[in-house]
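Understanding the architecture of this molecule
What follows is each chain in one-letter form.
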Amino acid sequence: MGSIPGKDFEEDVVEKVSSPTGATKEEHENLADVIRNAKLATEKEHKMTLWQGINLYPKAIAWSVLISTCIAMEGYDISLVNNFYAFPQFNQKYGVQVTAADGSVSYQVPAAWQAGLSNGAVVGEIIGLMINGWVSERFGYRYTVIGCLVLIAAFTTIFFTAQTVVHLQVAEILCGIPWGVFQTLTITYASEVCPVALRGYLTTYVNFCWGIGQMIGIGVIMGNLWRTDEWAYRIPYALQWMWPVPLIIGIFFAPESPWWLVRKGRNEDAKRSLLRLTSLNKETDFDADETIAMMVHTSALEQKITEGASYLDCFKGVDRRRTEIVCMCWAIQNLSGNSFSNYSTYFLQQAGLSDDKAYSFAMGQYAINCVGVFGAWTLITLGIGRRTLYLYGLAALFSMLLILGFLGLAKDRDAASLATGSIMLVWALCYQLTVGTVCYSLVAEMSTRRLQIKTVVLGRVLYNIVAIICGVLTPYMLNPSAWDWGNYAGFFWAGLCFLCFVYTYFRVPEPTGRTFAELDLLFEKKVSARKFSTTEVDVFAEHVEGDVMQHYQDQIAIANLKTKV
């Protein structure tokens, strides 16, 4: 771990601290102590290995895993609504009769309503995202999540009792509001309760929860395929009630994010929260005061760089670039073909597979989604950077989408449909090893702590807007009563995926191994995305305003006074 600096360093720190006007020599030296502690904590984070991080922060891992589980609810419902379109019982209840050219009769939910239902949740999520940017910063992460879980329990009633497709539409929009909150809050909490060594793992775990929700959803549908009554689709909806109560109980006892508490000036509470996230007996070199000092210093540095903390400030100065990157990293998830893969069961059905085989392929795809996250962790552990995984992942996805398109030219449809299913499984694995998983880490690291929630919210809003557009286009591409593109849709998504590759090469930087303060400085100095990983920066060579750190010192002085009394 980091060694104690010598006298030269101490004098250098004292010179570089910008203290409040009228500060005494003693106060000036106290601020220098904060800088010194912050530097020690930063050095320890840089030197911390993965196993040291696990030993020191086991409770942070457990709490982050618990809160991230909330996102499984969204994955579960998205899996239901997209795969219900291939569910005969669901189509008979909410669809219309369709007569094929050979005279056979079937039921299909019209493409317009497919787009409406799929996008209804997205519309609600956009509303929830914008609300979250204010609510979570005002009331804290824990209470915001608990409130949203209560709403989920209430809105699920509409799903369960829906008699028409309109009722389903209302339920999707209303449930989308709390889901939108989960989309960003889970990532933000994960990034703020762990050190640099664990950040990539806990933020990407959110994607694993998404996959778990989807896999449970498709499993529930397969388990009800034999039913011919309304319970075939009502049971899957009713099972959404299994999530909120245990999560509410667990999250009520979770510690608040220490970064959020520092931003609110509650440094003593932040220290108590940090101690609840760590195990002191596992890592004797850990010092909570040093880590809080690092958070205070980073907040002071961000106050210098960022003028305010509103949505408008996300588009000012250096934060404009950071907001753009976060937005595009989110959007690339859909533009690279993920929207296409979300309709895998329906797509495979239209490609010629039977219902049971289509759902089996979908189950395999969702299982791969989960396993892919662990694969991505392995790649991260081997030292492969986030930017590298994103870039090469997009190149591989582009190639496979082209293959899917060319399979549409095959005359043997049985063989082509099986080949299509196999390629989609490989595509899903590649996606989860790279773009699908790494995105969650990138968006958590690209923004400042001060604007993180709002920046991630704006990025996820763009993700949902793109999802709406894709959600409108995809059903028409695949629906036999609409455009009926089939495999040829692969060419469309391959073209978009190539454009995503070009953007990533020129604009997405490498954040691996950087503290939040170092990332702040790299963006302030306008370092090229391709030079992020090789550029050296010293955040403690920067002058920072003393307001935030003086508040920190005031709280320490008050605590010492109480101790003496």
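Residues numbered from 1 in each chain as written. Predicted model: local features only at pLDDT ≥ 70, side-chain atom pairs only at ≥ 80, totals over all residues. Heavy atoms only, no water.

Concerning the overall build of the protein chain
Our working definition: Numbering of helices and strands runs from the N terminus; a helix is a DSSP stretch of H or I covering at least four residues, while a strand is a stretch of E covering at least two. Think of it in three bands: with a 1.4 Å probe and only protein chains considered, a residue is buried below 20% of the maximum accessible area for its type, exposed above 50%, and partly exposed in between. Between two residues, a contact is recorded if the distance between any of their heavy atoms is within 4.5 Å.
Helix and strand content of the protein chain: 25 helices and 2 strands. Relative to its 565 residues, the protein chain shows a buried fraction of 58%. Nonlocal contacts in the protein chain, meaning residues at least 24 apart in sequence, comprise 81% of its contacts between residues at least 6 apart.

Describing the pattern of salt bridges
For clarity, the threshold we go by: Throughout this description, the term salt bridge denotes a Lys or Arg side-chain nitrogen within 4 Å of a carboxyl oxygen of Asp or Glu.
Summed over the entire model, instances satisfying the criterion amount to 14 salt bridges. One salt bridge connects aspartate 229 with arginine 227, and the closest N-O pair in it is separated by 3.1 Å. For aspartate 229, a relative accessible area of 31% puts it in the partly exposed group. For arginine 227, a relative accessible area of 19% puts it in the buried group. Note that lysine 271 and aspartate 289 form a salt bridge whose closest N and O atoms lie 3.1 Å from each other. Note that lysine 271 is positioned in helix α14 (residues 267-277) and aspartate 289 in helix α15 (residues 288-305), a separation of 18 residues in sequence. Among the residues examined, lysine 271 registers a relative accessible area of 24% and is labelled partly exposed. Judged by relative accessible area, aspartate 289 falls into the partly exposed class, the value being 33%.

Brief notes about the environment of methionine 295
Locating methionine 295 in the fold gives a position in helix α15. Each C-alpha atom, one on methionine 295 and one on alanine 38, is 7.6 Å from the other, the two residues being 257 residues apart in sequence. Apart from residues no more than four positions distant in its own chain, methionine 295 is found in contact with Pro258, Trp259, Val262 and Leu274.

A look at the packing of aromatic side chains
Condition: Between rings of Phe, Tyr and Trp, where Trp is taken as its six-membered ring, a pair exists when centres lie within 6.5 Å; planes separated by under 30 degrees are stacked, by over 60 edge-to-face, and by other angles tilted.
In the structure shown here, the tally under the stated rule is 26 aromatic pairs. Geometrically, the ring pair formed by tryptophan 330 and tyrosine 440 is edge-to-face, given 5.3 Å between the ring centres and 90° between the ring planes. With tryptophan 330 in helix α16 (residues 318-341) and tyrosine 440 in helix α21 (residues 435-446), this residue pair connects regions lying 110 residues apart in the sequence. The residues tryptophan 330 and tyrosine 440 share a single accessibility class, namely buried. Ring centres of phenylalanine 406 and phenylalanine 491 lie 5.0 Å apart, and the angle between their planes is 85°; this geometry places the pair in the edge-to-face category.

Some words on a nonpolar patch on the surface
Here is the rule: Distance thresholds for patches are 9 Å for like charges and 5 Å for nonpolar side chains (Val, Leu, Ile, Met, Phe, Trp, Tyr), applied to residues having over 30% relative accessible area and no salt bridge. Here the Shrake-Rupley method, with its probe set to 1.4 Å, supplies the accessible areas, and only the displayed protein chains count as covering residues.
A cluster of nonpolar residues, Phe406, Leu409, Trp483, Trp485, Tyr488, Phe491 and Phe492, forms a patch on the protein surface that exposes about 680 Å² of accessible area. With respect to the element layout, tryptophan 485 can be found in the loop between α22 (452-478) and α23 (489-507).

Here we look at the nonpolar core
Taken as a class, soluble globular proteins show a tendency for nonpolar side chains to be buried jointly. Stated formally: Buried Ala, Val, Leu, Ile, Met, Phe, Trp, Tyr and Cys residues form a nonpolar core when they are joined through side-chain atoms within 4.5 Å.
Within the largest apolar cluster, 137 residues are counted, with the highest numbers of intra-cluster contacts made by Met73, Phe90, Phe182, Trp330 and Tyr390. Setting aside residues up to four positions removed in sequence, tyrosine 390 forms contacts with Cys329, Ile332, Gln333, Val435, Val438, Cys439, Leu442 and Thr504. Residues Ala38, Ala41, Ala293 and Met294 belong to the second largest nonpolar core, which totals 5 residues.

Here we look at the packing of helix α8 (residues 141-161) against helix α9 (residues 165-192)
What counts is decided by this rule: Between N-to-C directions, angles cover 0 to 180 degrees, with each direction set by a line fitted to C-alpha atoms, over the stretch in contact for helices. Put simply, angles under 35 degrees are roughly parallel, angles over 145 are roughly antiparallel, angles from 65 to 115 are roughly perpendicular, and the rest are oblique. By the definition used in this description, the sense in which the near helix is turned from the far one sets the handedness, with an anticlockwise turn below a right angle giving left-handed and a clockwise turn giving right-handed. Gly falls in the polar group here, along with every residue not listed as nonpolar (Ala, Val, Leu, Ile, Met, Phe, Trp, Tyr, Cys, Pro) or charged (Asp, Glu, Lys, Arg).
For the pair α8 and α9, the least separation of the axes is 9 Å and the interaxial angle reads 155°. It follows from the interaxial angle that α8 and α9 lie roughly antiparallel. Note on packing geometry: the crossing formed by α8 with α9 is left-handed. Taken together, the residues of the contact of α8 with α9 break down into 19 nonpolar, 4 polar and 2 charged.

Here's the deal with the packing of helix α4 (residues 58-68) against helix α12 (residues 244-252)
One way to put it is that α4 packs onto α12 with a least axis distance of 10 Å and a crossing angle of 145°. The two elements α4 and α12 cross, and the hand of that crossing is left-handed. Seen from α4, the contacting residues are Trp63, Leu66 and Ile67; seen from α12, they are Leu247, Gly250 and Ile251. Here the contact of α4 with α12 is composed, by residue class, of 5 nonpolar, 1 polar and no charged.

A word on unusual backbone geometry
At lysine 526, a residue that is not glycine, the phi angle is positive and equals roughly 55°. Looking at the secondary structure, you find lysine 526 in the loop between α24 (516-524) and α25 (547-564). Of the residues examined, lysine 526 reaches a relative accessible area of 65% and is grouped as exposed.

With respect to the environment of leucine 225
Along the chain, leucine 225 falls in the loop between α10 (196-223) and α11 (231-238). With a relative accessible area of 27%, leucine 225 lands in the partly exposed category.

Some words on the confidence of the model for the protein chain
Here is the rule: The score called pLDDT rates the predictor's confidence residue by residue, from a low of 0 to a high of 100.
Scored by pLDDT, the protein chain comes out at a mean of 81, with 84% of its residues at no less than 70. Here helix α1 (residues 7-16) is the element of the protein chain with the lowest mean pLDDT, 43, and α12 is the one with the highest, 94. With pLDDT under 50 throughout, residues 1-22 is counted as low confidence; its partners more than four residues away or in other chains account for 41 contacts.

With respect to the side chain of asparagine 224
Within the secondary structure, asparagine 224 sits in the loop between α10 and α11. Residue asparagine 224 is classed as buried on the basis of its relative accessible area, which comes to 8%. Excluding its chain neighbours within four sequence positions, the residues that come into contact with asparagine 224 are Phe87, Gln89, Trp231, Ala232, Ile235 and Pro236.

Quick look at the side chain of threonine 455
This is how it is decided: Contacts described as polar in this section are N or O atom pairs within 3.5 Å, which, within protein, must combine one atom able to donate a hydrogen with one able to accept it, while residues neighboring in sequence count only if both atoms come from side chains.
Position of threonine 455 among the secondary structure elements: in helix α22. A residue is classified by how much of its surface remains accessible, and threonine 455, at 3% relative accessible area, is buried. In terms of polar contacts, threonine 455 uses its side chain to reach the backbone carbonyl oxygen of leucine 451, at 2.8 Å. Beyond its immediate sequence surroundings of up to four residues, threonine 455 is in contact with Cys314, Arg322, Thr323, Val326 and Ser447.

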